[in-house]
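# Inside the fold
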Amino acid sequence: MHTPHKAPKTIGIFMNHTRALFFIPENGPQQPAPLESGIENRLRYPGETHPGANVGNFRSTNNEYSRHNRENNQLKQYLQSLSEYLEHVDAALILGPKTLVNRFKNHINGNKKFAGKQLKFEQQDKLTPAQFHVAVKKFAATLV
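In this report, we go over the structure that sits alongside the text. (Residues numbered from 1 in each chain as written. Predicted model: local features only at pLDDT ≥ 70, side-chain atom pairs only at ≥ 80, totals over all residues. Heavy atoms only, no water.)

## Regarding the environment of Asn102
Its location among the elements puts Asn102 in helix H2 (residues 98–109). Taking relative accessible area as the criterion, Asn102 reaches 37% and is therefore assigned partly exposed. (Helix = DSSP H or I, 4+ residues; strand = E, 2+ residues; numbered from the N terminus. Buried < 20%, exposed > 50% of the residue type's maximum accessible area, 1.4 Å probe, protein only.)

## Brief notes about the environment of Lys76
When you line up the elements, Lys76 lands in helix H1 (residues 64–86). On a C-alpha basis, the gap between Lys76 and Arg103 in space is 9.6 Å, while along the polypeptide they are 27 residues apart.

## Some thoughts on the packing of aromatic side chains
Taken as a whole and judged by the stated rule, the model has four aromatic pairs. Arranged with centres 6.4 Å apart and planes meeting at 75°, the rings of Phe104 and Phe121 form a pair that is edge-to-face. With Phe104 in helix H2 and Phe121 in strand S5 (residues 118–123), this residue pair connects regions lying 17 residues apart in the sequence. Ring-pair connections join several aromatic residues into one group, and the members of that group are Phe14, Phe23 and Phe132. (Phe/Tyr/Trp six-rings, centres within 6.5 Å; stacked < 30°, edge-to-face > 60°.)

## Focus on the pattern of salt bridges
Taken as a whole, this structure holds three salt bridges when the rule is applied. One salt bridge in this structure joins Glu36 and Arg19, with 3.5 Å as the shortest N-O distance. Of this pair, Glu36 sits in strand S3 (residues 35–36) while Arg19 sits in strand S2 (residues 19–23); the two residues are 17 residues apart in sequence, bridging distant segments of the chain. The partly exposed category is assigned to Arg19, whose relative accessible area is 38%. (Salt bridge = Lys/Arg side-chain N within 4 Å of Asp/Glu carboxyl O.)

Here's what the structure looks like:
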């Protein structure tokens with residue numbers, strides 16, 4: 001007796017450096033809430049000046065190294081949170097800016113949990129919600 005093949009659970013992720021939007025075709029209008037990264041553009045911490053040149057006898061530092069580490073750690077936590085969404089699905093379409101998508105791809109490739117999953121990474125800088133939903137539905141249709 002032949003058992004019908006269950007369609008894979010599919011998710012679409014459209015991400016940028018500040019947030020990730022999710023779309024699961026099976027859920028209909030009930031979709032997961034966006035995931036905020038916590039990374040803010042042009043954020044200044046107390047004691048830091050603008051990134052311009054400092055002149056004069058008493059030159060202060062912007063402590064670029066610690067700012068870079070702070071942003072890098074936030075990005076690692078963001079990518080880890082995104083990868084948790086992929087642990088329970090069979091297939092995913094991941095869209096976003098080229099550098100971020102490549103970094104997420106490298107983050108996932110190092111993890112054996114994702115070895116059997118169908119993951120497709122594409123560069124997309126801007127998408128409307130409707131375009132995003134159509135792209136995920138087309139991707140899901142190719143899996144069946």
